[in-house]
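Architecture at a glance
Residues per chain, in single letters:
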Amino acid sequence: MHRRTMVQGVVATMATLVGSALALPALAQGSWPTGKAITYIVPFPPGGNTDTLARVIAPALSTALGTPVVIDNKAGAGGSVGSTLAARAAPDGYTILGGTISSHSINGSLYAKLDYDPVKSFTPVAMLGSGPLVLVVNASSPYKTLNDVLAASRAKQGGLSSASPGNGTSPHMALALLSYQSGVAFTHVPYKGSGPAVQDVVGGQVDMMFDTTLIVGPHIQSGKLRPIAVSSGKRLESLPDVPTIAEAGQKGFDMGSWQAVFAPAGTPKPIVDRLHAEIMKIVATPEVQARLKGFGMLPSDMTPAQLGEYQKSEVEKWAKVIKAAGIKAE
């Protein structure tokens, strides 16, 4: 009897210890139990800004939530393939998506048919930052100001030529927005990527282009390209003497190639709030701030609600520009 009582006591103690051990991870991890990974869908190929940012955020987010965060690249159709997969995922906090200006504002008007609604199919989680674009010309070009560029394009049949990394990309959209606001025509020259596009501007085969400082910055520093204006509402720290397009005469012009995180529509608010809080903590660290600025991006502190409103305004803006320019997906 005494032995049975001792055994029962040991079993009870072990059960208590095991129960406590199991409770600790659950308490630390909140809505994310041990053993199930979060899938972070990147709707673009490895190596781009969206993928790079995801790989910066994922390890820290994994630590914060106590569960693996796995990157899953699902590229295609300007971000539409991966976005469709994310839209169809269960809204349980185990799928998040790296959404961009392309996948979540431009594509809705660019493509005749999408298998997701950029607004209705998702719940906004966090804005990571926005990358202003720089309008550049060859250093030997006679154009030194935005007014020079606009005047020359008005005077030339078909307008000045402007390179971009492809139809419907943010550099193409910046050109379309400039044309829409100024009433000046340009000839769009699409390439398969920013690399060959910038080389032809450096080589003088194309008059100008918009792109991020990550792409055009080294050529500005080497003296091969001349910056004319930046697309953001305020000047860049890295180019303090270069005016914004709004300052240069096109009032109200404000465009950035933004990066954000979304979850499937219907994801519970407590899960969204926890994800937002943890991602914002990560974005606020000096290391990530430095990485974002290295990409030519301005970090953001938008709330999920503010991101949602901003996204809706972007969808409306680009719908007008794309319709006016008659732009269609390739």
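Presented here is an overview of the structure given in this document. (Residues numbered from 1 in each chain as written. Predicted model: local features only at pLDDT ≥ 70, side-chain atom pairs only at ≥ 80, totals over all residues. Heavy atoms only, no water.)

1. As for the pattern of salt bridges
- Overall, the coordinates contain ten salt bridges when judged by the stated rule.
- A salt bridge links Lys36 to Asp92; the nearest nitrogen and oxygen atoms lie 3.7 Å apart. Linking Lys36 in the loop between helix 1 (2–29) and strand 1 (38–42) with Asp92 in the loop between helix 3 (80–87) and strand 3 (95–100), this pair joins segments that are 56 residues apart in sequence.
- In this structure, Glu247 and Arg235 form a salt bridge, with 2.9 Å as the shortest nitrogen-oxygen distance. One end of the pair, Glu247, is in the loop between strand 8 (225–230) and strand 9 (256–264); the other, Arg235, is in the loop between strand 8 and strand 9, with twelve residues separating them in the sequence.
- Among the ionic contacts, a cluster of salt bridges with common partners joins Arg274, Glu278 and Lys281. (Salt bridge = Lys/Arg side-chain N within 4 Å of Asp/Glu carboxyl O. Helix = DSSP H or I, 4+ residues; strand = E, 2+ residues; numbered from the N terminus.)

2. A short note on the nonpolar core
- Core analysis: the largest hydrophobic core is formed by 42 residues, its most contacted members being Val149, Leu178, Phe186, Met208, Phe210, Met255 and Trp318.
- Those elements giving two or more residues to this core turn out to be helix 4 (101–110), strand 4 (122–138), helix 5 (146–155), helix 6 (170–182), strand 7 (208–212), strand 8, strand 9 and helix 11 (304–325).
- The element contributing the most residues to this core is helix 6, with six residues.
- Those residues within four positions of Trp318 in sequence are excluded, and the remaining contacts are Ile101, Ser105, Ile106, Met173, Leu177 and Met255.
- Core analysis: the next-biggest nonpolar cluster, separate from the first, contains 31 residues, Trp32, Ile71, Ile96 and Val125 among them. (Core = buried A, V, L, I, M, F, W, Y, C linked by side-chain atoms within 4.5 Å. Buried < 20%, exposed > 50% of the residue type's maximum accessible area, 1.4 Å probe, protein only. Contact = heavy atoms within 4.5 Å.)

3. Considerations on the environment of Ser130
- Along the chain, the position of Ser130 falls in strand 4.
- Sequence spacing of Ser130 and Leu298 is 168 residues, and the spatial spacing of their C-alpha atoms is 5.2 Å.

4. Focus on the pairing of strand 6 (residues 187–190)
- Where strand 5 (residues 161–164) meets strand 6, four bridges bridge the pair, whose relative direction is parallel. From the neighbouring strand, Ser164 faces strand 6, where its bridge partner is Pro190.
- Since strand 5 and strand 6 lie parallel, the crossover through helix 6 that links them has a hand, and here it is right-handed. (Pairing = 2+ DSSP bridges. Right-handed = clockwise from strand over helix to strand, strands pointing away.)

5. Here's the deal with helix 5
- All of the buried residues along helix 5 are Leu146, Val149, Leu150, Ala152 and Ser153. Down the axis of helix 5, the smallest arc covering the buried residues is 165 degrees, so these residues share one side. Pointing more than 90 degrees away from the buried face of helix 5 are the exposed residues Arg154 and Ala155.
- Where helix 5 is buried, its residues contact strand 4, helix 6, strand 7 and strand 8. (Arc of directions from axis to C-beta.)

6. Details of the pairing of strand 3
- In terms of burial, strand 3 is a largely internal element, six of the six residues being buried.
- Of the two faces of strand 3, the one lined by Thr95, Leu97 and Gly99 and the one lined by Ile96, Gly98 and Thr100 are each fully buried.
- Bridge analysis of strand 1 against strand 3 gives three bridges, and the strand direction is parallel. When the sheet's bridge partners are listed, Tyr40 is paired in strand 3 with Ile96.
- Of the strand pairs in this sheet, strand 3 and strand 9 are connected by four bridges, and their pairing is antiparallel. By the bridge assignment for strand 9, Thr100 is matched with Gln259.

7. Focus on the packing of helix 7 (residues 194–202) against helix 8 (residues 213–221)
- As a packed pair, helix 7 and helix 8 sit with axes 11 Å apart at the nearest point and diverge in direction by 30 degrees. With respect to helix 8, the element helix 7 is oriented roughly parallel. Note that helix 7 runs across helix 8; the crossing there is right-handed. Along its contact with helix 7, which presents Ser194, Val198, Gln199 and Val202, the element helix 8 presents Ile215, Val216 and His219.
- The class makeup of the residues in the contact of helix 7 with helix 8 is four nonpolar, three polar and no charged. (Axes fitted to C-alpha atoms, helices over the stretch in contact; angles between N-to-C directions. Parallel < 35°, antiparallel > 145°, perpendicular 65-115°, else oblique. Left-handed = near helix turned anticlockwise from the far one by under 90°. Nonpolar A, V, L, I, M, F, W, Y, C, P; charged D, E, K, R; others polar.)

8. Some words on unusual backbone geometry
- Even without a glycine there, the phi angle at Ala77 is positive, about 55 degrees.
- Looking at where Ala77 falls in the secondary structure, it is placed in the loop between strand 2 (69–73) and helix 3.
- Overall, Ala77 belongs to the partly exposed group, its relative accessible area being 38%.

9. Some thoughts on the layout of surface pockets
- Taken as a whole, the largest pocket encloses approximately 1000 Å³ of empty space.
- Forming the walls of the largest pocket are 43 residues, and the residues nearest its centre are Phe44, Ser102, Pro165, Thr169 and Ser170.
- Elements that contribute at least two residues to the lining of the largest pocket include exactly helix 2 (49–65), helix 4, helix 6, strand 7, helix 8 and strand 9.
- Looking at the lining of the largest pocket, the element that brings in the most residues is helix 4, giving four residues.
- For the lining of the largest pocket, the class distribution of residues is 18 nonpolar, 21 polar and four charged. (1 Å grid on protein atoms, 1.4 Å probe; cavity = no way out; pocket = protein on both sides within 12 Å on 5 of 7 lines; lining within 4 Å. Points joined across faces, edges and corners; volume = space filled by probe spheres on them.)

10. What about the environment of Leu175?
- By secondary structure assignment, the location of Leu175 is in helix 6.
- We classify Leu175 as buried; its relative accessible area is 5%.
- Excluding residues within four positions of it along the chain, Leu175 makes contact with Ser162, Phe186, His188, Met208 and Phe210.

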